[in-house]
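So the chains spell out like this:
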Amino acid sequence: MTKTILVTGGAGFIGANFVLEWLRLGLGRVVNLDKLTYAGNLENLTAVQHNPQHVFVHGDIGDQALVSKLLQDYQPSAIVNFAAESHVDRSIHGPEDFIQTNVVGTFHLLEAVRAYWTQLSTVDRQAWRFLHVSTDEVYGSLMPDAAAFTEQHAYAPNSPYSASKAASDHLVRAYHHTYGLPTLTTNCSNNYGPHHFPEKLIPLVIHNALTGKPLPIYGSGQQIRDWLYVTDHCAAIRRVLEAGKVGEVYNVGGWNEMANIEVVKTLCRILDSKKPRSDGKSYAEQISFVEDRLGHDQRYAIDASKLHQELGWKPAESFDTGIEKTVDWYLANQDWVNNVTSGDYRHWVAKHYAERGEELA
Ligand code: NAD
Ligand code: TYD
């Protein structure tokens, strides 16, 4: 019998990339549970819609009865939990959904898994894995010259998003420590790549550039993030699932720290050469400094040496190669962009950026 895994949030950005890669590599069947919030999109999964190894289920990780039924029906040997509310700005506007899905939802998911896992045979219990996908943002913000986050760094989340992810990480840790559930946690830096919803910096800038809109930079643009190409994150998760030590945490990062303004200028340069503006000017002319994000974290940096040294993972893409692939994907998939930027999306950008003094409607 082929191996089955349950993926949650597999219609979102990273989850969809993970599902597409898993099936492309022929690693077994995927049961994909997703609530299809504004960020979840079945169009991300068009390539596997007729693949019998992909079973899509529309539902909530907080629906314990549904998750219990899926576990009984499909008998997966692992869960990879991507499902979350993931956008910091939305968490500032309205934290409740973040608490509901990231904290309460993860709790119900863990409870359903614990009940199922407890009644397995000893051998199956030992082989089972609950892999929780988390973020470097749980560690808080770094001073410019501070060492990058290791797995020992104290948690100090600053936004409702990162606080809710931190809470879920703690629940996962507690379920291992208390009940012996075989958990693994990954804390990754900022991802970018295909299928990234254009509310986040990189896809938003590509989309706004091409549609002649301002490229909004919060505050000074000097905040620093570490960027990792999404399929490298997916490969790291597969490696941790395969060989990670139960109960452990693994940081995942790209060794690629950049200030936001540099990221945006890089995108402008690439677009200038691949899709020049009709007036011959640079897309950089569209850059617009807007009011800063509340509580904006200054710097994230990940030390991923544990994952490299213990499990041999390192990223395949540099920022130069990854960002070029990303721009190419957006240029080739304007229909996808047009579909996801209709309706609710317009309402979000109009409201959010109007508050920072910019018209993006
Ligand atoms: P995303 O917002 O693009 O996708 C989230 C997916 O989860 C969507 O398909 C959504 O419909 C689904 N979902 C939301 N609530 C749900 C619920 N209650 N039940 C079932 N499904 C639900 O997010 P992403 O960027 O793909 O991030 C995936 C995971 O990776 C998140 O846990 C996030 O915290 C983590 N992460 C993201 C990044 C990043 O840079 N994007 C970096 C590190 C970690
Ligand atoms: P984002 O992509 O939202 O990811 P995160 O907040 O999880 O790091 O933002 C990346 C950085 O870009 C962050 O420092 C905020 C900044 N940013 C802007 O300057 N302008 C924007 O319009 C957005 C969405 C983000």
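The following refers to the structure shown. Values in this document were obtained by computation on a predicted structure and should not be read as measured data.

**Quick word on the site of ligand 1**
And step 1. Around ligand 1 there are 28 residues in total, and Ile14, Asp34, Ser86, Tyr161 and Lys165 lie nearest to it.
And step 2. Within the contact set of ligand 1, an oxygen atom lies 2.7 Å away from a backbone nitrogen or oxygen of isoleucine 14.
And step 3. Here phenylalanine 82 contributes a backbone N or O atom positioned 3.0 Å from an oxygen atom of ligand 1.
And step 4. When isolated, ligand 1 has an accessible area of 840 Å², and the protein chains bury 97% of it.
And step 5. The set of elements that each furnish at least two residues to the shell around ligand 1 consists of helix H1 (13-24), strand E5 (129-135), helix H6 (160-179) and strand E7 (190-192).
And step 6. Examining the composition of the shell around ligand 1, we find that 3 residues originate from one element, E5, more than from any other.
And step 7. Among the residues making up the shell around ligand 1, the classes are represented as 12 nonpolar, 12 polar and 4 charged.

**A look at empty space enclosed by the protein**
And step 1. A full pass over the atoms with the stated rule returns 2 cavities of 30 Å³ or more.
And step 2. Each pocket or cavity is described by its volume, and for the second largest cavity that value is around 40 Å³.

**Observations regarding unusual backbone geometry**
And step 1. Phi is positive for glutamine 75, close to 50°, though the residue is something other than glycine.
And step 2. Mapping glutamine 75 onto the fold places it in the loop between helix H2 (64-74) and strand E4 (78-81).
And step 3. Relative accessible area serves as the criterion here: at 41%, glutamine 75 is assigned to the partly exposed category.
And step 4. The residue tryptophan 255 is not glycine, and still its phi comes out positive at about 50°.

**Quick look at the site of ligand 2**
And step 1. The local shell around ligand 2 holds 16 residues, among which Glu137, Arg225, Arg293, His296 and Tyr353 are the closest.
And step 2. Backbone polar atom of leucine 201 to an oxygen atom of ligand 2: 2.9 Å apart, as the coordinates give it.
And step 3. Histidine 296 is positioned such that a nitrogen or oxygen atom in its side chain is 2.7 Å from an oxygen atom of ligand 2.
And step 4. Summarising the interface, the protein chains cover 97% of the accessible area of ligand 2, which totals 510 Å² for the free molecule.
And step 5. The set of elements that each furnish at least two residues to the shell around ligand 2 consists of helix H7 (201-210) and strand E8 (215-218).
And step 6. No other element matches E8, which puts 3 residues into the shell around ligand 2.

**As for the packing of helix H9 (residues 260-274) against helix H11 (residues 319-332)**
And step 1. Direction vectors running N to C along H9 and H11 enclose 55°, while the axes themselves pass 11 Å from each other. With respect to each other, H9 and H11 are oriented oblique. In the packing of H9 onto H11, the handedness of the crossing is right-handed. In this structure, H9 uses Val263, Thr266, Leu267, Ile270, Leu271 and Lys274 to contact H11, whose residues at the interface are Phe319, Ile323, Glu324, Val327, Asp328 and Leu331.
And step 2. When the residues that make up the contact of H9 with H11 are grouped by side-chain class, the tally is 8 nonpolar, 1 polar and 3 charged.

The rules we used
- Residues numbered from 1 in each chain as written.
- Chains lettered and ligands numbered in written order.
- Predicted model: local features only at pLDDT ≥ 70, side-chain atom pairs only at ≥ 80, totals over all residues.
- Heavy atoms only, no water.
- Near = heavy atom within 4 Å.
- Polar contact = N/O pair within 3.5 Å; in protein donor to acceptor, adjacent residues only side chain to side chain.
- Areas by Shrake-Rupley, 256 points an atom, 1.4 Å probe, with all protein chains shown as cover.
- Helix = DSSP H or I, 4+ residues; strand = E, 2+ residues; numbered from the N terminus.
- Nonpolar A, V, L, I, M, F, W, Y, C, P; charged D, E, K, R; others polar.
- 1 Å grid on protein atoms, 1.4 Å probe; cavity = no way out; pocket = protein on both sides within 12 Å on 5 of 7 lines; lining within 4 Å.
- Points joined across faces, edges and corners; volume = space filled by probe spheres on them.
- Buried < 20%, exposed > 50% of the residue type's maximum accessible area, 1.4 Å probe, protein only.
- Axes fitted to C-alpha atoms, helices over the stretch in contact; angles between N-to-C directions.
- Parallel < 35°, antiparallel > 145°, perpendicular 65-115°, else oblique.
- Left-handed = near helix turned anticlockwise from the far one by under 90°.
- Contact = heavy atoms within 4.5 Å.

Honestly, it's all geometry; don't read function into it.
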